[in-house]
Amino acid sequence: MTAAIPDSLVLTPVPVLPDVPDTLRQAIRQLHAALGPAAAALRPEVLEQACVGYLTLHPTGRIERAGLLAVADMDLPNTTERLWVLDLANARVLHRSLVAHGEGSGHLRARRFSNIEASACTSLGFYRTADTYDGIHGYSRRIEGLDKGQNANAYDRYVVLHAADYASPEYIRRHGHLGYSRGCPALPPAQFKAIIASVRVGSMLLLSGPGLSSRWLDGAAAGRRFLARGWR
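Here's what I pulled together on the structure shown here. (Residues numbered from 1 in each chain as written. Predicted model: local features only at pLDDT ≥ 70, side-chain atom pairs only at ≥ 80, totals over all residues. Heavy atoms only, no water.)

Description of the packing of helix α1 (residues 22-35) against helix α2 (residues 44-57)
Threshold: Helix axes are fitted only over the stretch in contact, all axes being lines through C-alpha atoms; the angle between N-to-C directions runs from 0 to 180 degrees. We count a stretch as a helix when DSSP gives it H or I for four or more residues in a row; a strand needs E for two or more, and each element gets its number in order from the N terminus. Note on terminology: angles under 35 degrees are roughly parallel, angles over 145 are roughly antiparallel, angles of 65 to 115 are roughly perpendicular, and the others are oblique. Handedness of a helix crossing follows the sense of rotation of the near helix relative to the far helix, less than a right angle counterclockwise being left-handed and clockwise being right-handed. When checking whether two residues touch, look at their non-hydrogen atoms; a contact exists if any pair is within 4.5 Å. Polar here means any residue outside two lists: the nonpolar Ala, Val, Leu, Ile, Met, Phe, Trp, Tyr, Cys and Pro, and the charged Asp, Glu, Lys and Arg; Gly therefore counts as polar.
The N-to-C vectors of α1 and α2 enclose an angle of 120 degrees; their axes lie 10 Å apart at closest approach. Here α1 is positioned oblique relative to α2, judged by the angle of their axes. Crossing of α1 against α2: the hand is right-handed. Contacts from Leu-24, Arg-25, Ile-28, Leu-31, His-32 and Leu-35 of α1 reach α2 at Pro-44, Leu-47, Glu-48, Cys-51, Val-52 and Leu-55. Here the contact of α1 with α2 is composed, by residue class, of 9 nonpolar, 1 polar and 2 charged.

Right, here's the structure in full:
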């Protein structure tokens, strides 16, 4: 039997966003530096996507919580802590953790993405966090996709934030990688309650990865918002 070829660890380049003013780019660079070592693995281009999306979305009322965002770089290997919850106003990393991707999306890295019901894939794009509930995975938080065609079916697919044993450091030690969800960004049992509590209703979550396309990546609109209100 032929051995499986491991996923390449060469990350997919993140395209530079157009129309982002220099003042905003400089502010994002300063934010990245101020976040310190806990954000060293957060690629500046992915942070820029998250910040631009936050600044574009917040004034529309689609997200209500100011000064906080969560971002996961699903192109990173699932053996790395690739989810960050950030306090923008105080330039702090509130949480950093492992996060699983869907079994339809790939092995070590997520490479295929889908909005389709039975795909078992992760869906890229921007999300609004919704209510919490106790379900088959215990304490969970619903998320609502804000990108038509990319993640708008997330709520109906029951794509939620929840805990999973297969999203733990112990699982990596035993298997060499995380296990897989049906599309949910599943979290480590030791951290999920704190993370779910921090991204309370109306917070923004970005699942970034190769091929991300979103109407909310509007550099010009984000620049105007930042000039008027900063991160508030």
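Digging into the environment of Lys-148
Spelled out, the test is: Partly exposed residues are those whose accessible area sits between 20% and 50% of the maximum for their type, while under 20% is buried and over 50% is exposed, using a 1.4 Å probe and protein chains only.
Along the chain, Lys-148 turns up in the loop between β5 (138-145) and β6 (160-161). Under the relative-accessibility criterion, Lys-148 is labelled exposed at 84%. Sequence separation between Lys-148 and Ser-214 is 66 residues, and the spatial gap between their C-alpha atoms is 8.6 Å.

A few points about the pairing of strand β2 (residues 83-87)
Working note: regular strand, side chains alternate between the two faces of the sheet. The condition that has to hold: Think of it this way: DSSP has to see at least two bridges between two strands before they count as a pair.
Summarising burial for β2: 5 of the 5 residues are buried, a large majority. The alternating pattern of β2 places Leu-83, Val-85 and Asp-87 and Trp-84 and Leu-86 on opposite faces, both of which are buried. Inspection of the sheet shows strand β1 (residues 68-73) paired to β2 by 5 bridges, in the antiparallel sense. Directly across from Leu-68, in β2, lies its bridge partner Asp-87. Here 5 bridges tie β2 to strand β3 (residues 92-97), and the two strands are oriented antiparallel to one another. Across the sheet, residue Trp-84 finds its bridge partner in β3, namely Arg-96. Where β2 folds back on β3, the antiparallel hairpin that results is connected by 4 residues, among which Ala-91 adopts a positive phi of roughly 50 degrees.

Topic: unusual backbone geometry
Backbone geometry places Asp-19, a non-glycine residue, at a positive phi of 65 degrees. Mapped onto the fold, Asp-19 is located in the segment before α1. Although it is not a glycine, Ala-120 sits at a positive phi angle of roughly 55 degrees. Considering the arrangement of structural elements, one finds Ala-120 in the loop between β3 and β4 (125-135).

Considering the side chain of Ser-168
Checked against the element boundaries, Ser-168 lands in the loop between β6 and α3 (169-175). The exposure class of Ser-168 is buried, given its relative accessible area of 6%. Apart from residues no more than four positions distant in its own chain, Ser-168 is found in contact with Leu-98, Leu-178 and Pro-189.

Considering helix α5 (residues 219-229)
Note that an α-helix has 3.6 residues per turn; residues three or four places apart therefore point the same way. The complete set of buried residues in α5 reads Gly-219, Ala-221, Ala-222, Gly-223, Arg-225 and Phe-226. Looking at the buried side of α5, the elements it contacts are α1 and α2. Directly beyond the C-terminal end of α5, a positive phi value near 65 degrees is found at Gly-230.

A word on the nonpolar core
What tends to happen in soluble globular proteins is that the nonpolar side chains get buried as a cluster. Test applied: Joining through side-chain atoms within 4.5 Å is the link that ties buried Ala, Val, Leu, Ile, Met, Phe, Trp, Tyr and Cys residues into a set, and such a set is a nonpolar core.
In terms of nonpolar packing, the biggest core is built from 36 residues, with Leu-24, Val-71, Leu-86, Met-204 and Trp-231 touching the most fellow members. The contacts of Leu-24, once residues within four sequence positions are left out, are Val-52, Leu-55, Ala-222, Gly-223, Phe-226 and Trp-231. Counting residues in each nonpolar core, the second largest holds 21 residues, with Ala-110, Val-159, Leu-161 and Ala-163 among its members.

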